[in-house]
Amino acid sequence: MIIACAHCHRKNRIDEQRLGEAPNCGACKQPLLSNLPIPVNSSAFSAHASADLPLILDFWAPWCGPCLQFAPTFEKAAVAAGPKAQFLKINTEEEQALAARFGIRSIPTLMVLRQGAEVTRVAGALPPGEFMKWVYQQLG
Ligand SMILES: [Zn+2]
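In short, a report on the structure.

Conventions used here
- Residues numbered from 1 in each chain as written.
- Predicted model: local features only at pLDDT ≥ 70, side-chain atom pairs only at ≥ 80, totals over all residues.
- Core = buried A, V, L, I, M, F, W, Y, C linked by C-beta atoms within 7 Å.
- Buried ≥ 20, exposed ≤ 12 C-beta atoms within 10 Å, placed from the backbone.
- Helix = DSSP H or I, 4+ residues; strand = E, 2+ residues; numbered from the N terminus.
- Contact = placed C-beta atoms within 7 Å.
- Pairing = 2+ DSSP bridges.
- Axes fitted to C-alpha atoms, helices over the stretch in contact; angles between N-to-C directions.
- Right-handed = clockwise from strand over helix to strand, strands pointing away.

## Some details on the nonpolar core
1) Next: Residues Leu55, Ile56, Leu57, Phe87 and Leu88 are the most contacted members of the largest nonpolar core, which totals 34 residues.
2) Next: Mapped by element, the contributors of at least two residues to this core are strand S1 (2–4), strand S4 (55–60), helix H2 (65–81), strand S5 (86–91) and strand S6 (109–114).
3) Next: When residues no more than four places from it in sequence are discounted, the contact partners of Ile56 are Ala85, Phe87, Val112 and Val135.

Here it is, written out as structure tokens:
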């Protein structure tokens, strides 16, 4: 499968069986996967969106109180999901083109993407338990 590096965003081809072995990136030699949410700009986003892991997106902004309150929940879910998905954070202040492309009208907006295509979204923060449930429903 193809995975975009959590650090340099270069695409790596890797045997799915090896995902659990904390593989390193062939380009930057850092761990390919991160257990923490990855902040992305539009080019990094494109790399992840054209790779094979499902993406969980958090569209947020630094001035948005509910976004900041939700951040630790998103982080915990990323740690819990491990290598099953990549959790990406999109700062809508800095990445307005991405926000426009996905028609983001309110933040936070949480979204699941598979192979670059939107599967589902939620507008507004969810309580931790509900967010975990939502993530696991999406990941199967
Ligand atoms: Zn890398």
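That shown, we press on.
## Observations regarding the environment of Leu33
1) Next: If you trace the backbone, Leu33 turns up in the loop between strand S2 (11–13) and strand S3 (38–39).
2) Next: Residues Leu33 and Gly129, spaced 96 residues apart in sequence, show a C-alpha to C-alpha distance of 24 Å.

## Overview of the sheet that holds S5
1) Next: Spatial ordering of the open sheet is given by S3-S5-S4-S6-S7, a layout of five strands whose pairing is mixed. Two strands lie at the open edges of the sheet, namely S3 and strand S7 (117–123), each paired on one side alone.
2) Next: The pairing of S6 with S7 spans six bridges and is classified as antiparallel. Bridge pairing in S7 links Met111 to Arg121.
3) Next: Along the sheet, helix H1 (residues 42–49) contacts S4, S5 and S6; its crossing angle with S5, the most-contacted strand, is approximately 155°.

## A short note on the pairing of S4
1) Next: Judged by how many residues are buried, S4 sits mostly within the fold: six of six residues are covered.
2) Next: Where burial is concerned, the two faces of S4 agree: the one with Leu55, Leu57 and Phe59 and the one with Ile56, Asp58 and Trp60 are both buried.
3) Next: With six bridges connecting them, S4 and S5 associate as parallel partners. The residue of S5 that forms the bridge with Ile56 is Phe87.
4) Next: After leaving S4, the chain enters H2 and then returns to the sheet as S5, a path that is right-handed.
5) Next: As defined by bridge partners, S4 adjoins S6 across five bridges and the pair is classed as antiparallel. Its bridge partner lying in S6, Ile56 is registered against Val112.

## Focus: unusual backbone geometry
Phi is mostly negative for residues that are not glycine, and the peptide bonds are mostly trans.
1) Next: Between Ile107 and Pro108 the backbone carries a cis peptide bond, its omega angle lying at 0°.
2) Next: For Pro108, the position within the fold is in the loop between helix H3 (96–101) and S6.
3) Next: Positive phi outside glycine occurs at Ala22, with the angle close to 50°.
4) Next: Along the polypeptide, Ala22 turns up in the loop between S2 and S3.
5) Next: Given 11 C-beta atoms within 10 Å, Ala22 falls into the exposed group.
6) Next: Within the chain, Lys29 stands out as a residue other than glycine whose phi angle is a positive 65°.
7) Next: Inspection of the secondary structure assignment puts Lys29 in the loop between S2 and S3.
8) Next: Under the C-beta neighbour-count criterion, Lys29 is labelled exposed, with 11 such atoms within 10 Å.

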